[in-house]
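Structural characterization, general
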Amino acid sequence: MTHHVPTGLPDHIQHYIDGEFVDSVDGDTFDVLDPVTNETYTTAAAGKKADIDLAVAAATRAFAEGPWPRMKPRERSRILNRIADAVEARDAELAEWETFDTGLPITQALGQAQRAAENFRFFADLIVAQSDDSYKVPGAQVNYVNRKPIGVAGLITPWNTPFMLESWKLAPALASGCTVVLKPAEFTPLSASLWAGIFEDAGLPKGVFNLVNGLGEDAGDALVKHPGVPLISFTGESSTGALIFSNAAPMLKGLSMELGGKSPAVVFADADLDAAIDSTLFGVFSLNGERCTAGSRILVERSIYDEFCTRYAARAAAIVVGDPHDPKTEVGSLVHPEHYAKVMSYVEIGKGEGRLLAGGGRPEGLDTGNYVSPTVFADVAPTARIFQEEIFGPVVCITPFDSDAEALELANGVKYGLAAYLWTTNLTRAHTFAQNVEAGMVWLNSHNVRDLRTPFGGVKASGLGHEGGYRSIDFYTDQQAVHITLGPVHTPRFGAS
Ligand code: NAD
């Protein structure tokens, strides 16, 4: 197989602190692998507490003394729009780098780069349109909300669609007037290294954006525990989220947690079956299955179960797995050999828990790299590990149900609650089910197509708090209530009689 290597790749990736590219204070580095060969193609600076201290100091100075938090929303918006323009103009190059670093199929990486630009454009608009409440108490008071950026925001992001997920936090944090320290995922630092240049060109003041690479337990942990960082926005695994929650608790930090998922796609007998099959295939096999909102448990009404399984498995077996840079590729290589080993271990577990209908190992002809055949297990019991645990790869389980009540019980019978996808043409059933399913987001007769104004987030082990639209601005700002007295105020006169 040919392997495309982009030109201009850095031979070393540094931190970006106070407007300068720098190495770690202790000079430490870590290796970054290309997921198609699993060979080291570059190194990155391995940040520790000392580097986080420098980044937080720069962000604190920029917040206390710099222009960014004090600029008019329109001025910040102009810079955010210039960032969006720059990301859009470089979308092909960005996608090429992202594909090289993550193994995501190039066509899908391109969509993610464009979405990153859209995130900046959206928050550029929102911050200008933002208005705050004021209240009149006739003859007595006027009260108004004085919205203020909270300060230095700590942003910690995962390796699946890294650039897009970074933009999701950077755009609202910057729009709100916060300064930031970003700690990107250590598997995929490449595309994050492009932010500094894009921001400088767009005119973002020095010190507003800082980036520290490094391992979660070093750089991430130091950011979470830093007393000068009042809020942390985290996307990653539920177990990491729980650890961060406890580490941040002594300082009562503001936390936003976007965590793991094991989302159900429920297909009723009255559904448009062709559309449901297209959508449930895309819903779990796009982005290599490394997708928090993947519909990785398909629940199918018994009367159409056999037909669904047969048709679904035939399509899954025909999915094109291969070189992530080939535009024909539908599933590329998983991000890292450690993650590949985890996904493959679930494939083996699944062989003892369900009936293997497609995939089940490495695709023929792809002998190196982190390739997994799209894998389908049917007849999976709700107690099975592959039904309960997030695999985060191209692996799906299918389970039959006989009634709406049973479908709901199966859908809700896991610790996660991120997304749910329902396929039915019955309006009453669709809304009744949607309102009872334990999921932060529900799609009726669709895969995940999201309007940026809507709340994003999960319930149960899938997250804490919702971002999206003005909720993101609420997270990065404090709404101080200012009360103005009109006329004399009635005060009980203690000690006056
Ligand atoms: P992860 O939890 O291993 O790592 C995420 C980030 O946290 C990385 O930057 C890592 O370095 C850092 N980190 C690790 N330990 C830390 C610690 N002790 N303190 C501070 N930071 C620490 O997750 P991952 O494997 O990179 O990503 C996959 C997970 O992310 C999946 O569970 C997926 O569902 C979830 N995810 C959720 C959403 C969502 O919006 N809900 C979106 C994408 C991914």
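This section reports on the structure supplied with the text.

Let's shift gears to the sheet that holds strand 5 (residues 39-45). The three strands lie next to each other as 1-5-4, forming an open sheet whose pairing is mixed. At either end of the open sheet lies a strand with only one pairing partner, and these are strand 1 (12-13) and strand 4 (29-34). Note that strand 4 and strand 5 share six bridges and pair antiparallel. Looking at the pairing, Asp 31 lines up with Thr 43 of strand 5.

So, on to the layout of surface pockets. In this structure, the largest pocket occupies an estimated 870 Å³ of space. Trp 159, Phe 234, Gly 236, Glu 237 and Thr 240 are, among the 35 residues lining the largest pocket, the residues nearest its centre. For the lining of the largest pocket, the secondary structure elements donating two or more residues are helix 5 (162-175), helix 7 (216-225), strand 11 (231-235), helix 8 (238-248) and helix 11 (337-351). For the lining of the largest pocket, the element with the most residues is helix 7, which contributes five residues. Taken together, the residues that form the lining of the largest pocket break down as 16 nonpolar, 10 polar and nine charged. If you add up the space inside the second largest pocket, you get close to 570 Å³.

Moving on, we get to empty space enclosed by the protein. Tallied over the full model, the rule gives five cavities of 30 Å³ or more. The computed volume of the largest cavity comes to approximately 80 Å³. In terms of lining residues, the largest cavity is bounded by 13 residues, among which Gly 289, Ala 294, Ser 296, Ile 391 and Phe 392 are the most central. Residues of the lining of the largest cavity, tallied by class, amount to six nonpolar, four polar and three charged.

Within a sheet, neighbouring strands are paired by backbone hydrogen bonds and run either parallel or antiparallel to one another. Taken in spatial order, the seven strands of this open sheet run 15-16-17-14-13-19-20, and their pairing is mixed. Both edges of this open sheet fall to strand 15 (355-358) and strand 20 (441-444), since each of them pairs with a single strand only. Averaged over all pairs of adjacent strands, the angle between strand axes in this sheet comes to 20°, irrespective of strand direction. Of the strand pairs in this sheet, strand 19 (residues 419-423) and strand 20 are connected by four bridges, and their pairing is parallel.

If you look at the biggest cluster of nonpolar residues, it comprises 55 residues, and the most contacted ones within it are Ile 83, Phe 120, Trp 195, Phe 199 and Phe 209. In terms of residue count, helix 4 (residues 106-129) provides more of this core than any other element does, nine residues in total. Among all residues touching Phe 199, those that are not within four sequence positions of it are Ile 83, Phe 120, Leu 170, Leu 174, Leu 204 and Phe 209. Formed by 39 residues, the second largest nonpolar core is a distinct cluster that contains Ala 271, Ala 294, Val 396 and Ile 398.

The next subject is the site of the ligand. In the vicinity of the ligand there are 30 residues, among which Thr 157, Lys 183, Glu 186, Thr 240 and Glu 390 approach most closely. One nitrogen or oxygen atom from the main chain of Gly 236 is found 3.4 Å from an oxygen atom belonging to the ligand. A distance of 2.8 Å is found between a nitrogen atom of the ligand and a backbone nitrogen or oxygen belonging to Leu 259. For the ligand, whose accessible area on its own is 850 Å², the fraction buried by protein is 92%. Of all the cavities here, the one that holds the ligand is the largest pocket. The set of elements that each furnish at least two residues to the shell around the ligand consists of helix 7, strand 11 and helix 8. Considering each element in turn, the shell around the ligand owes the most residues, four residues, to helix 7. Of the residues that constitute the shell around the ligand, the class distribution is 15 nonpolar, nine polar and six charged.

Cut-offs used in this document
- Residues numbered from 1 in each chain as written.
- Predicted model: local features only at pLDDT ≥ 70, side-chain atom pairs only at ≥ 80, totals over all residues.
- Heavy atoms only, no water.
- Pairing = 2+ DSSP bridges.
- Helix = DSSP H or I, 4+ residues; strand = E, 2+ residues; numbered from the N terminus.
- 1 Å grid on protein atoms, 1.4 Å probe; cavity = no way out; pocket = protein on both sides within 12 Å on 5 of 7 lines; lining within 4 Å.
- Points joined across faces, edges and corners; volume = space filled by probe spheres on them.
- Nonpolar A, V, L, I, M, F, W, Y, C, P; charged D, E, K, R; others polar.
- Axes fitted to C-alpha atoms, helices over the stretch in contact; angles between N-to-C directions.
- Core = buried A, V, L, I, M, F, W, Y, C linked by side-chain atoms within 4.5 Å.
- Buried < 20%, exposed > 50% of the residue type's maximum accessible area, 1.4 Å probe, protein only.
- Contact = heavy atoms within 4.5 Å.
- Near = heavy atom within 4 Å.
- Polar contact = N/O pair within 3.5 Å; in protein donor to acceptor, adjacent residues only side chain to side chain.
- Areas by Shrake-Rupley, 256 points an atom, 1.4 Å probe, with all protein chains shown as cover.
- Sits in = over half its atoms within 2 Å of the grid points.

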